[in-house]
Amino acid sequence: MGTRFVRTALAGLTAVALAGLVGCGGTDTGGRAGASGTGVTGTVTVFAAASLTESFTRLGKDFERAHPGATVRFNFAGSSALATQINQGAPADVFASASPATMKTVTDAGNGAGNPRTFVRNQLVIAVPKGNPKGVTGLSDLARPELKVAQCAPEVPCGAAAQKVLATAHASVTPVTLEQDVRAALSKVKLGEVDAALVYRTDAKAASADVDGVEFPESASAINDYPIIVLKSAPNSAGARAFAAAVLSEQGRSVLTAAGFQAP
Amino acid sequence: MVRTDDRDAAAPPPAGPPRRRRTQRVPVPLLLPAVAGLAFLVLPLAGLVIRAPWGALGQRLTEPGALTALRLSLQTASVATVVCLALGVPLAWLLARVEFPGRRVVRALVTVPLVLPPVVGGVALLLVFGRRGLIGAWLDTTFGITLPFTTVGVVVAEAFVAMPFLVIAVEGALRGADTRFEEAAATLGAGRWTTFTHVTLPLVAPGIAAGAVLCWARALGEFGATITFAGNYPGITQTMPLAVYQTMEGGDLSGAVVLSLILLTVSVTILAALRDKWITSG
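Since the model is a prediction, treat every value here as computed from it, not as a measurement.

**Structural notes on the overall build of chain B**
Along the backbone of chain B there are 14 helices and zero strands. Along its sequence from the N terminus, chain B presents helices and strands in the succession α-α-α-α-α-α-α-α-α-α-α-α-α-α. Once local pairs closer than 6 in sequence are excluded, the contacts in chain B between residues at least 24 apart make up 75%. Only carbon and sulfur atoms are counted for the fraction: they give 70% of the accessible area of chain B, which is about 15600 Å².

Here is the structure:
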């Protein structure tokens with residue numbers, strides 16, 4: 001009992017120390033390609049758009065099963081925030097963004113290794129509370145004055161897509177709040193604080209227990225490409241390449257399309 | 001912590017020797033960590049100043065978004081402070097002067113928002129004042145009022161997070177104040193309300209002022225509860241901290257630095273000015 005406790009504590013401390021090393025951008029002892037069969041060990045740190053949360057978590061588990069000795073660690077947030085963190089030197093191996101524009105801020109800063117590759121596409125839907133109590137059938141309904149609408153801030157990909165869609169449809173919507181990522185906008189619908197929110201189809205699908213997704217034809221005007229890239233200063237570049245390859249693989253695609261993404 | 005003990009300030013300064021002691025040599029084991037501690041607190045602020053895009057500062061300062069957010073921040077923080085004064089001073093008086101069962105529990109509860117992660121505070125506020133909340137649902141169906149996404153919602157979030165600062169400061173002042181004045185007033189025939197307004201309040205005025213300044217500063221910096229409960233919309237709920245966050249999320253680091261500098265300058269200026277005026281510094 002006593003020794004087990006000590007051993008667990010030591011293992012914990014070692015993990016913390018290792019994480020600290022990675023965090024400081026120092027030489028990552030655990031991240032180099034080891035002698036194991038697949039050549040991938042250590043921690044792979046993946047910065048991914050909030051809308052990828054469920055599907056990438058699933059892909060991460062598959063990846064860990066396929067590469068014993070490798071651990072995938074995720075940082076899910078708004079793509080723009082992730083890009084800022086990467087450009088400020090956050091120790092990440094892979095970056096998966098919800099828009100090419102956000103990806104460009106990372107490649108322009110010289111932080112990408114190679115070129116980004118589009119792995120999926122996403123489209124906007126209108127998320128409404130389960131059962132659609134306000135009878136929202138299309139984009140024009142969002143202009144109804146009695147409707148409270150949440151939108152993503154124009155600085156983040158889902159907000160840029162929403163703006164584009166509304167401009168194409170010549171619809172003028174006054175949202176009550178500009179949320180910082182698509183999940184925050186969705187949660188305002190889940191909480192019942194707003195009557196509708198423009199979110200990705202995949203987000204509405206992931207939250208289908210609480211919300212319904214209303215499709216609208218204008219969403220075709222703002223299809224979001226999701227690019228993925230291995231980062232130049234990746235502490236675990238072998239792991240990074242392997243993870244990116246797994247996302248782009250046939251198996252990866254089937255996980256993503258099951259979540260509602262479209263193949264590029 | 002702010003000094004709120006009035007007897008200290010009111011007592012005549014002790015003569016000679018005790019004052020001298022402060023100029024004694026400081027032991028190195030104390031001095032080194034003290035300086036490191038100071039550097040740790042001040043360096044990040046210095047970082048903001050160093051990284052500021054000074055050339056474009058003038059132009060960015062006058063951007064309408066920045067000014068709107070600043071004005072909203074100042075207004076909501078001030079209203080929140082007034083709300084805290086109106087509710088917090090009586091609450092502090094109750095805690096300091098009235099013996100009632102469960103007083104310790106109440107005192108602990110009052111300080112909870114102080115240690116609660118602000119986002120949790122925002123969620124809690126939603127559960128009560130949100131459209132489906134305990135009170136919010138009734139407000140919505142009866143009066144058609146919803147607090148989230150309104151400026152009033154921002155004030156509610158700020159007041160919730162900032163009120164403990166005021167209550168703690170005022171309660172401390174009340175406990176430190178000499179109750180003999182109040183007793184004297186009572187024996188001279190003053191009612192309880194008159195005693196409170198004419199004796200107790202003036203006695204603890206510096207403590208109330210100190211608490212109000214802290215409360216205002218905390219409200220000005222409030223972020224988590226505001227964005228969770230009140231949302232984020234320019235001109236209505238987007239205060240300075242939210243504007244900083246959104247600018248940062250948009251990848252505009254230098255813009256975020258400029259906004260942070262403005263907020264920092266305003267808070268430091270007012271804290272410094274009011275501290276000198278209201279709070280006796282040692």
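**Observations regarding the pairing of strand 8 (residues 196-200) of chain A**
Residues and elements named next belong to chain A. Most of strand 8 sits out of view: five of its five residues are buried. As judged from the two bridges shared by strand 6 (residues 149-152) and strand 8, these two strands associate in the parallel manner. Residue pairing in the sheet places V149 in a bridge with A196 of strand 8.

**With respect to the UniProt feature "domain: ABC transmembrane type-1" (unreviewed entry) in chain B**
Per the UniProt annotation, the sites labelled "domain: ABC transmembrane type-1" (unreviewed entry) are residues 70-272 of chain B. For residues 70-272 of chain B, helix accounts for 79% and strand for 0%, while the C-alpha atoms at its two ends are 19 Å apart.

**Regarding the UniProt feature "transmembrane region" (unreviewed entry) in chain B**
All names here are of chain B. In the numbering adopted here, UniProt assigns the feature "transmembrane region" (unreviewed entry) to residues 30-54, 74-96, 108-129, 149-174, 195-219 and 253-274. With 92% helix and 0% strand, residues 149-174 has end C-alpha atoms that lie 37 Å from one another. Structurally, residues 253-274 comprises 100% helix and 0% strand, and the distance from its first C-alpha atom to its last is 31 Å.

**A short note on the interface of chain B and chain A**
In this assembly, 21 residues from chain B lie in contact with 23 residues from chain A. Summed over both sides, the interface of chain B with chain A buries roughly 2000 Å², with 52% coming from carbon and sulfur. On the chain B side of the interface with chain A, the three residues burying the most area are R131, F149 and E249 of chain B, jointly 37% of the side's total. Joining chain B to chain A, the criterion identifies one salt bridge. D195 of chain A serves as the salt-bridge partner of R131 of chain B, at 2.7 Å between the closest nitrogen and oxygen. At the boundary of chain B with chain A, the tally comes to 10 residue pairs in polar contact (both at pLDDT 80 or more). Among the elements that make up the side of chain B that touches chain A, the one with the highest residue count is helix 13 (residues 240-249) of chain B (four residues).

**Things to note about helix 7 (residues 118-129) of chain B**
An α-helical turn contains 3.6 residues, so a residue and the one three or four places further along point in the same direction. A rise of 1.5 Å per residue sets the reference length of helix 7 of chain B, with its 12 residues, at 16 Å; its end C-alpha atoms lie 16 Å apart and thus fit the reference within 8%. Structurally, helix 7 of chain B contributes buried residues whose contacts are with helix 9 (151-176) and helix 12 (224-230) of chain B.

**Examining the pattern of salt bridges**
Residues and elements named next belong to chain A. Inspection of every chain in the model, using the stated rule, returns 18 salt bridges over all chains. Across the pair D62 and R65 runs a salt bridge, and its minimum N-O distance is 2.9 Å. Taken together, the residues D62 and R65, both in helix 2 (residues 53-66) and three residues apart, mark about one turn of the helix. A cluster of three or more residues bridged by salt bridges with shared partners is formed by E54, R183 and D203.

**Here's the deal with the sheet that holds strand 6 of chain A**
Paired through their backbone hydrogen bonds, the strands of a sheet run either parallel or antiparallel. Residues and elements named next belong to chain A. Reading across the sheet, the five strands line up as 7-6-8-5-9 and stay open at both edges, with mixed pairing between neighbours. In the strand order of this sheet, the two ends are held by strand 7 (177-179) and strand 9 (211-214), each with one partner. Between one strand axis and the next, the sheet turns by 35 degrees as a mean value, whatever way the strands run. Here helix 6 (residues 182-190) sits on the sheet and contacts strand 5 (124-129), strand 6, strand 7, strand 8 and strand 9; the angle it forms with strand 8, its principal contact strand, is near 145 degrees.

**Quick word on the packing of aromatic side chains**
The tally for this structure, following the rule as stated, stands at 13 aromatic pairs over all chains. For the ring pair F56 of chain A and F243 of chain A, a centre distance of 5.8 Å and an interplane angle of 75 degrees mean the geometry is edge-to-face. Highlighted residues: F56 of chain A in helix 2 and F243 of chain A in helix 8 (residues 237-248), separated in sequence by 187 residues. Exposure remark for F243 of chain A: the relative accessible area of 1% places this residue in the buried category. Centre to centre, the rings of F223 of chain B and Y245 of chain B are 5.0 Å apart; their planes meet at 65 degrees, and the pair counts as edge-to-face. With F223 of chain B in the loop between helix 11 (192-220) and helix 12 and Y245 of chain B in helix 13, the pair connects residues that are 22 residues apart, well separated along the chain. Given a relative accessible area of 32%, Y245 of chain B falls into the partly exposed group. Chaining the aromatic ring pairs together yields one cluster made of F56, F63, F74, F76, F119, Y200, Y226, F243 and F261 of chain A.

**Regarding the state of the cysteines**
Within the structure shown, the criterion is met by one disulfide over all chains. Across a sulfur-sulfur distance of 1.9 Å, C152 of chain A and C158 of chain A are joined as a disulfide pair. Measuring the twist about the S-S bond at about -105 degrees, one finds the C152 of chain A-C158 of chain A disulfide to be left-handed. Between C84 of chain B, a cysteine without a disulfide, and C215 of chain B, which holds the nearest cysteine sulfur, the sulfur-to-sulfur distance is 3.6 Å. Using a relative accessible area of 0% as the deciding quantity, one classes C215 of chain B as buried.

**Things to note about empty space enclosed by the protein**
Residues and elements named next belong to chain A. Under the counting rule described, the total for this entry stands at one cavity of 30 Å³ or more. Taken as a whole, the largest cavity spans an internal volume of roughly 80 Å³. For the largest cavity, the lining is made up of 14 residues, of which G78, S79, A98, P157 and V182 are closest to its centre. Along the lines of polarity and charge, the residues of the lining of the largest cavity split into nine nonpolar, four polar and one charged.

**Concerning the packing of helix 6 (residues 103-115) of chain B against helix 9 of chain B**
Residue and element names in this part refer to chain B. Where helix 6 meets helix 9, the closest approach of the two axes is 6 Å, and the angle between their N-to-C directions is 135 degrees. Here helix 6 lies oblique to helix 9, going by the angle between them. Between helix 6 and helix 9 lies a crossing of left-handed hand. For the pair formed by helix 6 and helix 9, the contact residues are R103, R107, V110, T111, P113 and L114 on the first element and F160, P164, F165, V167, I168, E171 and R175 on the second. Its residues assigned to classes, the contact of helix 6 with helix 9 comprises eight nonpolar, one polar and four charged.

Criteria and cut-off values
Residues numbered from 1 in each chain as written. Chains lettered and ligands numbered in written order. Predicted model: local features only at pLDDT ≥ 70, side-chain atom pairs only at ≥ 80, totals over all residues. Heavy atoms only, no water. Helix = DSSP H or I, 4+ residues; strand = E, 2+ residues; numbered from the N terminus. Contact = heavy atoms within 4.5 Å. Areas by Shrake-Rupley, 256 points an atom, 1.4 Å probe, with all protein chains shown as cover. Buried < 20%, exposed > 50% of the residue type's maximum accessible area, 1.4 Å probe, protein only. Pairing = 2+ DSSP bridges. UniProt positions renumbered as here; feature names shortened; annotations may be inferred. Buried area = accessible area lost by both parts, 1.4 Å probe. Salt bridge = Lys/Arg side-chain N within 4 Å of Asp/Glu carboxyl O. Polar contact = N/O pair within 3.5 Å; in protein donor to acceptor, adjacent residues only side chain to side chain. Expected span 1.5 Å × (residues − 1). Axes fitted to C-alpha atoms, helices over the stretch in contact; angles between N-to-C directions. Phe/Tyr/Trp six-rings, centres within 6.5 Å; stacked < 30°, edge-to-face > 60°. Disulfide = S-S within 2.5 Å. 1 Å grid on protein atoms, 1.4 Å probe; cavity = no way out; pocket = protein on both sides within 12 Å on 5 of 7 lines; lining within 4 Å. Points joined across faces, edges and corners; volume = space filled by probe spheres on them. Nonpolar A, V, L, I, M, F, W, Y, C, P; charged D, E, K, R; others polar. Parallel < 35°, antiparallel > 145°, perpendicular 65-115°, else oblique. Left-handed = near helix turned anticlockwise from the far one by under 90°.

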